[in-house]
Amino acid sequence: MADLTKEQVSQELEKIRPQLNKWREDYYTKDAPAVEDNVYDKLYNRLLELEQMYPELVTPDSPSQQVGDVTLPDFNKVTHDIPMLSMGDVFSEAELAEFNDRIEKNVGHEVDYNVELKIDGLSLSLIYENGILVQGSTRGNGTIGENVTENVKTIADVPQKLSRPLSFEVRGECFMSKKEFLRLNQAREKDGHQVFANPRNAAAGSLRQLDPKITASRKLATFMYTIVTFDDLNVPTQHDALETLKELGFNVNPTAKVTTGLKGVKDYIEHFGELRDSLDYGIDGVVLKVNDLGLQRDLGNTVKVPRWEIAYKFPPEQAQSKVLDITWTI
Ligand SMILES: CC(C)(C)c1nc(N2CCN(c3ncccn3)CC2)c2cc(C(N)=O)c(N)nc2n1
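The following refers to the structure shown. A quick note: this is a predicted structure, and the numbers were derived from the prediction, not measured.

Thresholds, definitions, all that
- Every chain is numbered independently, its residues counted from 1 as its sequence is written.
- Local features are withheld for residues below a pLDDT of 70 in this predicted model, meaning they are given only at 70 or higher, and side-chain atom pairs are given and counted only at 80 or more; totals for whole chains, interfaces and linings count all residues.
- Hydrogens and waters are ignored; side-chain quantities use all the structure's heavy atoms.
- For two strands to be treated as a pair, DSSP must find at least two bridges joining them.
- In this description a helix means any DSSP run of H or I spanning at least four residues, a strand means any run of E spanning at least two, and both kinds are numbered starting from the N terminus.
- Throughout, an axis means a line fitted to C-alpha atoms (over the contacting stretch in the case of helices), and angles, computed between N-to-C directions, take values from 0 to 180 degrees.
- Cavities and pockets were defined on a 1 Å grid built from protein atoms only: a cavity is a group of points that admits a 1.4 Å probe but offers it no way out, a pocket is an open group of points flanked by protein on both sides within 12 Å along at least five of seven lines, and a lining residue is one with an atom within 4 Å of any such point.
- Grid points are joined across faces, edges and corners, and a volume is the space filled by probe spheres set on the points.
- Residue type decides the class: Asp, Glu, Lys and Arg count as charged, Ala, Val, Leu, Ile, Met, Phe, Trp, Tyr, Cys and Pro as nonpolar, and the leftover types, Gly among them, as polar.
- By definition, a salt bridge exists where a carboxyl oxygen of Asp or Glu is found within 4 Å of a side-chain nitrogen of Lys or Arg.
- Throughout this description, buried means an accessible area under 20% of the type-specific maximum (1.4 Å probe, protein chains only), exposed means over 50%, and partly exposed covers the range between.
- A pair of Phe, Tyr and Trp rings is counted when the ring centres sit within 6.5 Å of each other, with Trp represented by its six-membered ring. The angle between the planes then sorts it: under 30 degrees is stacked, over 60 is edge-to-face, the rest tilted.
- Throughout, nonpolar core names a set of buried Ala, Val, Leu, Ile, Met, Phe, Trp, Tyr and Cys residues whose side chains join them through atoms within 4.5 Å.
- Here a residue-residue contact requires only that any non-hydrogen atoms of the pair lie within 4.5 Å.
- To be near a molecule or strand, a residue needs just one of its heavy atoms within 4 Å of it.
- Polar contacts, as counted here, are pairs of nitrogen or oxygen atoms within 3.5 Å of one another; within protein the pair requires one atom able to donate a hydrogen and one able to accept it, and residues that are adjacent in sequence qualify only if both atoms are side-chain atoms.
- All accessibility values rest on the Shrake-Rupley procedure with a 1.4 Å probe; residue burial counts only the protein chains present in the view.
- Each molecule is assigned to a cavity or pocket provided more than half of its atoms lie within 2 Å of the corresponding grid points.

Okay, the sheet that holds strand E7 (residues 168–175) next. An order of E5-E4-E7-E8 is seen for the four strands of this open sheet, with the pairing classed as antiparallel. Edge strands, defined here as strands with exactly one partner in the open sheet, are strand E5 (132–138) and strand E8 (221–229). Looking at each pair of strands side by side, their axes are set apart by 30° on average, direction ignored. Pairing analysis gives six bridges linking strand E4 (residues 122–129) to E5, with the strands arranged antiparallel. Considered in E5, the bridge of Leu 124 is made with Thr 138.

Below is the structure:
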């Protein structure tokens, strides 16, 4: 290669660095790279060549200096030993009554429900061994998810070490608060980047980052709601499971309540239907779960969804219509 002067190399680096950084940021944030990998790699190799000629020209913001710059081609996959099931949806109180009737007929008596807000985020699985967080993963298709362990470790409210050396899996929702969503979009707009459509997309785009440093720059949060596999934890009900999760240091949504049959469910739905806009996190419905975990096991699951829980969905926020659309989705 013709010998380039230091000045010539410096000028070419001035051009290459921002270009590579822009492509890199798009690659990680848009889930849709602006250029093919080989184009990126070719320019990246040119950068390395030039920096080797004059190492004193290397700058901290150079793509070659991104510590932990392991540009994984994609996420490592994890298999959920216990599948992360979907949820049956209902859109009317009549259908809730049908759900409740089916349960009561099945078990022969009225049952208690643990009623929870359905947080509009993305599912998250956390695995702990002897009290240490060893794996964080997304739901994926329910059986195969993405390994996002390094990203999860940057979420402030996720305990990396439990107060007790427990080995178990917990599941919950990863979300971005509306406040953080606005902050992030304002910053992205200022930098001329595409903004996220809603907090859920922003949370998914932030958690599913190949570069944990980008996840760390986004304020993600969690509400955990299930202890999947547990040692001899004496947890007879879903309500107790939430209490135990709280005691262990997990963030748990504070609005859950236990009802006897559907009594109080209507009030809960109406109350949070009105509060919805004032909450600092998105919700898209209310989840009813048979409170007794033994009963849940007896009722079991269909192939895709548990028989012992149902999600009552609010109408989409923008179309906040009073009339409930009554469509049953399996
Ligand atoms: C443990 C069960 C299966 C009953 C369960 N499953 C849930 N979900 C499954 C379907 N999910 C899903 N996600 C993507 C595609 C299909 N289904 C999204 C999570 C729950 C979600 C929330 C929430 N959002 O706040 C919650 N408080 N409790 C849940 N409980």
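Let us now look at the layout of surface pockets. Its boundaries defined by the atoms lining it, the largest pocket holds a volume of some 1,100 Å³. As for the largest pocket, its lining consists of 40 residues, of which Tyr 225, Thr 226, Lys 289, Pro 306 and Trp 308 are closest to the centre. Counting residues per element, the lining of the largest pocket draws most heavily on E8, which supplies six residues. Residues belonging to the lining of the largest pocket are distributed by class as follows: 22 nonpolar, nine polar and nine charged.

Once that is clear, we can look at the pattern of salt bridges. Enumeration according to the criterion identifies 17 salt bridges in this entry. In this structure, Arg 46 engages Glu 49 in a salt bridge whose closest nitrogen and oxygen atoms are separated by 3.4 Å. Of this pair, Arg 46 and Glu 49 both sit in helix H2 (residues 37–53), separated by three residues, roughly a single helical turn. Residue classification places Arg 46 among the partly exposed positions, given a relative accessible area of 22%.

Attention now moves to the packing of aromatic side chains. Counted under the stated rule, the structure contains nine aromatic pairs. Residues Phe 175 and Phe 223 carry aromatic rings whose centres are separated by 4.7 Å and whose planes lie at 15° to one another, so their mutual orientation is stacked. On the criterion of sequence distance, the pair formed by Phe 175 in strand E7 and Phe 223 in strand E8 is long-range, its members being 48 residues apart. Here the two residues Phe 175 and Phe 223 agree in accessibility, since each one is buried. Residues Tyr 268 and Phe 272 carry aromatic rings whose centres are separated by 4.7 Å and whose planes lie at 50° to one another, so their mutual orientation is tilted. Of this pair, Tyr 268 and Phe 272 both sit in helix H9 (residues 265–275), four residues apart, which is roughly one turn of the helix.

With 36 residues, the main nonpolar core has Leu 126, Tyr 128, Phe 168, Val 170, Leu 207 and Phe 250 as its most contacted residues. Counting only elements with at least two residues in this core, the list comes to E4, E7, helix H5 (178–190), helix H6 (199–207), E8 and helix H8 (238–247). Excluding residues within four positions of it along the chain, Val 170 makes contact with Leu 124, Ser 125, Leu 126, Tyr 128, Met 224, Thr 226, Ile 227, Leu 245 and Phe 250.

By nearness alone, 16 residues border the ligand, and Leu 85, Glu 116, Ile 119, Glu 173 and Lys 289 come closest of all. The contact in question runs from a nitrogen atom of the ligand to an N or O atom on the side chain of Glu 116, over 3.1 Å. Glu 173 is positioned with one of its side-chain polar atoms (N or O) 3.2 Å from a nitrogen atom of the ligand. Relative to its free-state accessible area of 610 Å², the ligand is covered by the protein chains to the extent of 79%. At a threshold of 2 Å from the grid points, most atoms of the ligand map onto the largest pocket. Secondary-structure elements contributing two or more residues to the shell around the ligand are strand E3 (112–119) and E8. Ranked by residue count, the leading element in the shell around the ligand is E3, at four residues. The residue inventory of the shell around the ligand, partitioned by class, reads seven nonpolar, three polar and six charged.

In space, the five strands of this open sheet follow the order E2-E11-E10-E3-E9, with mixed pairing throughout. In this open sheet, the two strands that pair with only one neighbour each are strand E2 (89–90) and strand E9 (257–260). Relative to strand E10 (residues 283–290), E3 runs antiparallel, the two being bridged by seven bridges. Within the sheet, the bridge partner assigned to Leu 117 lies in E10 and is Val 286.

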